[in-house]
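Descriptive structure summary
Next come the chains, spelled out residue by residue.
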Amino acid sequence: MAVKDRDRFSTATRLRLLGEQTAARVYRSQTRRQARRSRLTGRAALLALVLCTLIVALAYPMRQYVSQRAEIADLEREREQARERVEQLRDLKARWQDDAYAEQQIRERLHYVMPGETGFVVIDPDAATKTRADHGAADRPWYSNVWDGVDKSDASDQ
């Protein structure tokens, strides 16, 4: 036992114990540091950088694609409207080729009557209620109308 007690107090034993304690402390501090360390590793940072680069690189072409698709849709809608307008004009042209339709339009628009018919003019009932002032401007000389306009605008400024 004396050898064991003497071995316990020897310098080599003390250094070995001190080294083991120091190693245990270092190991504990390293595990704490690793636990506190961010989960963002180099690989994750590289992956995030690559994803951001892809998003930035694809943003402009995607915007162009979407705007071009919208423009194509607008042009197709305009083309369809133009096609409908052409169909309407073709129908109208075909109607004007018919003599009965042309005669009907001439009677309505130009107030023509056929020989032997009596034409009537219906006076608009609202036209009789118009005041004399509405017709008075046409009866006066033009310079009177100009000066009246100047006087009215001058009076409205005051």
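Everything in this summary refers to the structure shown in the same document. (Residues numbered from 1 in each chain as written. Predicted model: local features only at pLDDT ≥ 70, side-chain atom pairs only at ≥ 80, totals over all residues. Heavy atoms only, no water.)

**Comments concerning the overall build of the protein**
Helix and strand counts for the protein stand at seven helices and zero strands. Secondary structure elements of the protein, listed N to C terminal, follow the sequence α-α-α-α-α-α-α. Per-residue burial over the protein gives 3% buried out of 158 residues. For the protein, the accessible area works out to roughly 15200 Å², and carbon and sulfur atoms hold 58% of it. (Helix = DSSP H or I, 4+ residues; strand = E, 2+ residues; numbered from the N terminus. Buried < 20%, exposed > 50% of the residue type's maximum accessible area, 1.4 Å probe, protein only. Areas by Shrake-Rupley, 256 points an atom, 1.4 Å probe, with all protein chains shown as cover.)

**A closer look at the packing of aromatic side chains**
In the structure shown here, the tally under the stated rule is two aromatic pairs. Ring geometry for Trp-96 against Tyr-101: centres 5.4 Å apart, planes inclined by 85°, an arrangement best described as edge-to-face. With a relative accessible area of 16%, Tyr-101 lands in the buried category. Ring geometry for Trp-142 against Tyr-143: centres 5.9 Å apart, planes inclined by 80°, an arrangement best described as edge-to-face. Under the relative-accessibility criterion, Tyr-143 is labelled partly exposed at 47%. (Phe/Tyr/Trp six-rings, centres within 6.5 Å; stacked < 30°, edge-to-face > 60°.)

**Looking at the pattern of salt bridges**
Side chains carrying opposite charge are able to pair once their charged atoms draw close together. What the rule picks out here adds up to six salt bridges. Across the pair Arg-77 and Asp-74 runs a salt bridge, and its minimum N-O distance is 2.4 Å. With Arg-77 and Asp-74 both in helix H3 (residues 42–97) and three residues apart, this pair spans about one turn of that helix. Take Asp-74: its relative accessible area is 34%, and that puts it in the partly exposed class. Within this structure, Glu-103, Arg-107 and Glu-117 form a network of salt bridges that share partners. (Salt bridge = Lys/Arg side-chain N within 4 Å of Asp/Glu carboxyl O.)

**Comments concerning the packing of H3 against helix H4 (residues 99–110)**
Viewed as axis vectors pointing N to C, H3 and H4 meet at an angle of 90°, and their least axial separation amounts to 5 Å. In this view, H3 runs roughly perpendicular relative to H4, as classed from their interaxial angle. Taken together, the residues of H4 that come into contact with H3 (itself represented by Leu-92, Arg-95, Trp-96 and Gln-97) are Asp-99, Tyr-101, Ala-102, Gln-105 and Arg-109. Counted by class, the contact of H3 with H4 contains four nonpolar, two polar and three charged residues. (Axes fitted to C-alpha atoms, helices over the stretch in contact; angles between N-to-C directions. Parallel < 35°, antiparallel > 145°, perpendicular 65-115°, else oblique. Contact = heavy atoms within 4.5 Å. Nonpolar A, V, L, I, M, F, W, Y, C, P; charged D, E, K, R; others polar.)

**Concerning a nonpolar patch on the surface**
A surface patch of nonpolar side chains, amounting to about 1000 Å² of accessible area, comprises Leu-46, Leu-47, Leu-49, Val-50, Leu-51, Leu-54, Leu-58, Met-62, Tyr-65 and Val-66. Inspection of the secondary structure assignment puts Leu-47 in helix H3. (Patch = residues over 30% accessible without salt bridge, like charges linked within 9 Å, V, L, I, M, F, W, Y side chains within 5 Å.)

**Brief notes about H3**
A rise of 1.5 Å per residue sets the reference length of H3, with its 56 residues, at 82 Å; its end C-alpha atoms lie 82 Å apart and thus fit the reference within 8%. The largest bend in H3 amounts to roughly 35° and is located at Ala-59, with the proline Pro-61 lying one to four residues further along. (Expected span 1.5 Å × (residues − 1). Bend = angle between axes of the 7 residues up to and from the residue.)

**Some words on unusual backbone geometry**
Its identity is not glycine, yet His-111 carries a phi of approximately 60°, on the positive side. Relative to the helices and strands, His-111 is located in the loop between H4 and helix H5 (125–128). Since its relative accessible area comes to 66%, His-111 is described here as exposed.

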